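A structural walkthrough
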Amino acid sequence: MKHLLPAALISAALLAACDDPSPTADPTAAADARPAADTAPPDTAPPDTAPDIGPPPDATPDIGPDAAPVPPDAAADAMPDAAVDAIPDAGPPPPLFDRALIEDIADADCRFEDARQSLRGLTLLDVWSVNYRSYEVIDGALSPIRVRAFAARPAGAAGIPGIVQAHGLGGFAEQSHAEGPAALTGAFVIAYTGPGGGTTPANTSEGRPAGFDDGYRMFDVLDDPRGSWFWAHGVAAMRALTCLESHPAVDPLRLGMTGYSAGGVATLMVAGVDPRVVAAVPLSGTGAWDRAVRSPTAWQHGLLAQAGLDTQSPEWAALMTHLDVAELARDAAGAVLMVNGSTDEFFPLDAHRATFDGLPGPGHRTSISGNYDHGCYAISGGEPAGAIEERATIRAEGGQRMWFAHHFGTDPTYATLPAAPTAAIEAVGPVTLATAQIDTPPTLRVRSVKYWWSSDGGLFFGAVDLEDQGGGLWTGPILPPEPGTVWYVDVEYQTLDPLGAQRFSLSTPPHIPDGFVATIRRNDTCLPP
């Protein structure tokens, strides 16, 4: 997980802080699979396809300051009956996600063009440039936009799963973003650029970018919650699912989605509202932002301030009411693997836990990467950046490989999914023990079990190795937790393949103490507040 986030860039352009370190097919090529932070799109956005028609005209005539106001009821009474009858009924509001439209393949007008091939590691891939019709909402009206993307699959493969890859805030699609997951998972992958993003004609999508109007576009929800860029980002992903669903090489019953940061947020959104998603892996993205912003240095505050807003603004309340993906994901029909860093500046562990707890049923899992975050770890992570990056790569790429292989049935190694680990802390005489119950399917072995803990609000985490006691029981002595200690247990698994063992991890949901407020590094320095 490379391409670190320099503090100078964080200070200069907050939107680039969510740029897209999406996982790739092999760890040595991770740098190729996502844009570096300093490749974020320029401040000058591409022209919007929808004309800027400004605010609606004022329907009230200018009758001058001395004129007596006309009560609304009196105004209606003064109108002829025929005129009153002619006033159209506004009717119910449109659905938040119009699935009939979104899944209309003819309306999507999916185009796979410029077929070519590339080599990713040892995997030969078929590659296309893709474009399709999606929508954004301006002044309450749907506006069509052309989304540009890249697609890749193992060469000649047919009847394979399809996966959509979504980028983070300020990011954009590159060909490698489709190639990496395709080689990693064996799926047909579309990596798209969200509305208004891009750096070249080949990857620039139409529409208003997230940074439009100083970032107000993200929070443009007062008149219509569909006005938010996050909504349009999610709809663009659902349209990509439609393109995959209709492609002759894709099995339409095996569709999935993944994405990093804002792409992880979009993944949770789509998983919650689109039952076509069988499996989803959101990376470093959660809902429950109302919990995150209890910390005065949570990075959402910077996005709000740039847009001239704060957490008391009605736009924020409306966003949390209509587009909190922690709430949307409660209806997820598919299985979700939530991967996150323990110290994320946008998505701290209390927001992670609140989102995870809302997922329906027992089929979901989580994997937490100790001391990983949105980029500050390279400056103030408390341990060598390389160790943090290696840990994060195993959890992101290994998690994607395992989750999609299990739910799509593409690799017998992952036919049996380990049960979610459970853990408890107990005092045994003068000693405090962490005890975990670990499930190990026959095709896997446990490489390590660690108890991760923090007593400084989640700023730094330490780890203690637990020992195998047999029968799936792992224990170890730990420091007695303080009232504010947040902790979890992480299990790293390894396949039995002697020629190339693969690793992934599953974690317990984090224990969040009462009254917990995350300690979050400042967005201008990456240092503690």
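Definitions and cut-offs
- Residues numbered from 1 in each chain as written.
- Predicted model: local features only at pLDDT ≥ 70, side-chain atom pairs only at ≥ 80, totals over all residues.
- Heavy atoms only, no water.
- Helix = DSSP H or I, 4+ residues; strand = E, 2+ residues; numbered from the N terminus.
- Areas by Shrake-Rupley, 256 points an atom, 1.4 Å probe, with all protein chains shown as cover.
- Disulfide = S-S within 2.5 Å.
- Buried < 20%, exposed > 50% of the residue type's maximum accessible area, 1.4 Å probe, protein only.
- Core = buried A, V, L, I, M, F, W, Y, C linked by side-chain atoms within 4.5 Å.
- Pairing = 2+ DSSP bridges.
- Right-handed = clockwise from strand over helix to strand, strands pointing away.
- Contact = heavy atoms within 4.5 Å.
- Phe/Tyr/Trp six-rings, centres within 6.5 Å; stacked < 30°, edge-to-face > 60°.
- Polar contact = N/O pair within 3.5 Å; in protein donor to acceptor, adjacent residues only side chain to side chain.

Some details on the overall build of the protein chain
Check the secondary structure of the protein chain and you find 15 helices and 17 strands. Only carbon and sulfur atoms are counted for the fraction: they give 56% of the accessible area of the protein chain, which is about 20,900 Å².

Some thoughts on the state of the cysteines
As used here, a disulfide is simply a covalent bond connecting the sulfur atoms of two cysteines. Tallied over the entire structure, the rule returns 2 disulfides. Disulfide pairing is shown between C110 and C243; the S-S distance is 2.1 Å. The S-S bond linking C110 to C243 shows a torsion near -85°; that makes this disulfide left-handed. A residue pair is termed long-range when its members are at least 10 positions apart, and C110 in the loop between α5 (105-108) and β1 (111-120) and C243 in helix α7 (residues 229-246) qualify at 133 residues. With relative accessibility at 0%, the residue C243 sits in the buried group. Put simply, C376 and C526 are joined by a disulfide, and their sulfur atoms are 2.0 Å apart.

Comments concerning the nonpolar core
One finds Y132, Y192 and F219 to be the most contacted residues of the largest nonpolar core, which totals 82 residues. Top element by residues in this core is α7. It accounts for 12 residues.

Here's the deal with the pairing of strand β7 (residues 277-283)
Along a regular strand, successive side chains alternate from one face of the sheet to the other. With 6 of 7 residues buried, β7 lies mostly within the body of the structure. Pairing of strand β6 (residues 250-260) with β7 involves 6 bridges; the strand directions are parallel. Looking at β7, one finds that M257 is bridged to A280. On the question of chirality, the crossover connecting β6 to the parallel β7 by way of helix α8 (residues 262-273) is right-handed. Of the pairings in the sheet, the one linking β7 to strand β8 (residues 335-341) comprises 3 bridges and is parallel in character. Bridge pairing in β8 places A279 opposite A335.

Structural notes on the environment of H301
One can find H301 in helix α10 (residues 300-306). Using a relative accessible area of 23% as the deciding quantity, one classes H301 as partly exposed. Once the C-alpha coordinates of H301 and N523 are considered, the two residues, 222 residues apart in sequence, prove to be 9.7 Å apart. Excluding its chain neighbours within four sequence positions, the residues that come into contact with H301 are V293, S295, P296 and T311.

Observations regarding the packing of aromatic side chains
The geometry of two aromatic rings is summed up by the distance between their centres and the angle between their planes. Applying the stated criterion to the full structure yields 16 aromatic pairs. Measuring from centroid to centroid gives 5.3 Å for Y493 and F504, while their planes differ by 20°, and the two rings are stacked. Of the two residues, Y493 is situated in strand β16 (residues 486-495) and F504 in strand β17 (residues 503-507); the sequence distance between them amounts to 11 residues. Through pairs of rings, three or more aromatic residues link up here, namely W229, F230, W289, W299, F346 and F347.

Thoughts on the side chain of H167
One can find H167 in the loop between β4 (160-166) and α6 (175-185). With relative accessibility at 3%, the residue H167 sits in the buried group. One polar contact links the side chain of H167 to the main-chain amide nitrogen of G194, over a distance of 2.7 Å.

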